Amino acid sequence: MKAMILAAGRGERMRPLTDHTPKPLLKVGSEPLIGWHIRRLKNAGFTEIVINHAWLGEQIEATLGNGAQYGVSIAYSPESTGGLETAGGIATALPLLGDAPFLVINGDVLTDIDFNAARQAAASLQTSNLLAHIWLVPNPPHNLEGDFSISPDGQVHSNKTEGIALTFSGIGIYHPDLFQNTPPNQIAKLAPLLREAMNQHRVTGEQHNGLWLDVGTTERLKIANELAANWD
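Since the structure is predicted, the reported quantities are computational estimates derived from the model, not experimental observations.

Quick look at the overall build of the chain
Tallying secondary structure elements over the chain gives six helices and 13 strands in all. Scaling as 2.2 N^0.38, a compact globule of 232 residues should have a C-alpha radius of gyration of about 17 Å, and the chain matches this with 17 Å. If one aligns the C-alpha atoms of the chain with their principal axes, the spans along those axes are about 45 × 35 × 30 Å. Burial status across the chain gives 53% buried among its 232 residues. Contacts spanning at least 24 positions in sequence make up 73% of the contacts within the chain whose residues lie at least 6 apart. Split by element, the accessible area of the chain, about 10,500 Å² in all, is 49% carbon and sulfur. Charged side chains in the chain number 16 positive and 23 negative. The centres of these two groups are separated by 3 Å.

Next comes the structure, spelled out in structure tokens:
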């Protein structure tokens, strides 16, 4: 099973830090932010990783190389300046991801979501009519209304009143068919695709109550460094 880390964002809210360093390479404790994802993926048995990039992407490739330092194999999906948004980036990387369900992780979050659980969820996608399985988290201060809702049977709904309203973690397992009508190399957002699939009852999910932090501002980067201060 392959995994993709989304690393193409400009990081506008992190300027001036991101003027000369891509956000995924900002240090969190002893590692670049993206390095924690790679380590946790390796520990969960993921050895084939795809990373997309746009802003200062050459720095990401120069720093991570082919992944050997982490014990994984990294393939890159470069995008033009400005990036392609989430769905556009994934659709463009599909030739690298293959025909089976794959795990996708936002590169700018810090989390202890269990990537081992992704394999079982991916198997469900293979044997059912589902297009996605996503992780949701309690609503943080910057998104108090949440994004989607989840019902007791694990169905995720675009209408936030059909269950518990939660925030999308930016982490999910997707069947390639979710992107079958999304052209490569064109800007496309993920949320509309997910909402359409939710309305067809083809998205399941689960709530994660552990560590999850959207490292999208300098203030949250400081929090991330405090959390990771004693990590190895």
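A few points about the pattern of salt bridges
Enumeration according to the criterion identifies seven salt bridges in this entry. Ionic pairing is found between arginine 15 and aspartate 19, a salt bridge with its closest N-O pair at 2.6 Å. Residue classification places arginine 15 among the partly exposed residues on the basis of a relative accessible area of 42%. By relative accessible area, aspartate 19 is classed as partly exposed at 22%.

A few points about the pairing of strand E6 (residues 102-106)
Of all five residues that make up E6, four are buried, and the element is covered over most of its length. Two strands pair when backbone bridges link them, and strand E1 (residues 3-7) and E6 are joined in this way by four bridges, in the parallel orientation. Paired with methionine 4 across the bridge in E6 is valine 104. Summarising the sheet, E6 and strand E11 (residues 164-174) pair through four bridges and their orientation is antiparallel. Directly across from valine 104, in E11, lies its bridge partner glycine 172.

Side note on the layout of surface pockets
In this model, the largest pocket occupies a volume close to 1,000 Å³. Considering the residues around the largest pocket, the lining is formed by 39 residues, among which Leu6, Glu85, Thr86, Asn106 and Asp108 are closest to the centre. Among the secondary structure elements, those contributing two or more residues to the lining of the largest pocket are E1, helix H3 (85-97), E11, helix H5 (191-199) and strand E13 (212-214). Classifying every residue of the lining of the largest pocket gives 14 nonpolar, 14 polar and 11 charged. Taken together, the residues of the lining of the second largest pocket sort by class into five nonpolar, four polar and three charged.

What to know about helix H4 (residues 117-126)
Of all the residues in H4, the buried ones are Ala118, Ala121, Ala122 and Leu125. Around the axis of H4, the buried residues are gathered within 105° of arc, so they sit on the same side. Its buried side turned inward, H4 meets E6, strand E8 (132-137) and E11.

Focus on the UniProt feature "domain: Nucleotidyl transferase" (unreviewed entry) in the chain
Under the present numbering, the feature "domain: Nucleotidyl transferase" (unreviewed entry) in UniProt falls on residues 2-226. With 27% helix and 26% strand, the stretch residues 2-226 has end C-alpha atoms that lie 31 Å from each other.

Definitions and cut-offs
- Residues numbered from 1 in each chain as written.
- Predicted model: local features only at pLDDT ≥ 70, side-chain atom pairs only at ≥ 80, totals over all residues.
- Heavy atoms only, no water.
- Helix = DSSP H or I, 4+ residues; strand = E, 2+ residues; numbered from the N terminus.
- Rg over C-alpha atoms; globule rule 2.2 N^0.38 Å.
- Buried < 20%, exposed > 50% of the residue type's maximum accessible area, 1.4 Å probe, protein only.
- Contact = heavy atoms within 4.5 Å.
- Areas by Shrake-Rupley, 256 points an atom, 1.4 Å probe, with all protein chains shown as cover.
- Lys, Arg positive; Asp, Glu negative; His and termini not counted.
- Charge placed at Lys NZ, Arg CZ, Asp CG, Glu CD.
- Salt bridge = Lys/Arg side-chain N within 4 Å of Asp/Glu carboxyl O.
- Pairing = 2+ DSSP bridges.
- 1 Å grid on protein atoms, 1.4 Å probe; cavity = no way out; pocket = protein on both sides within 12 Å on 5 of 7 lines; lining within 4 Å.
- Points joined across faces, edges and corners; volume = space filled by probe spheres on them.
- Nonpolar A, V, L, I, M, F, W, Y, C, P; charged D, E, K, R; others polar.
- Arc of directions from axis to C-beta.
- UniProt positions renumbered as here; feature names shortened; annotations may be inferred.

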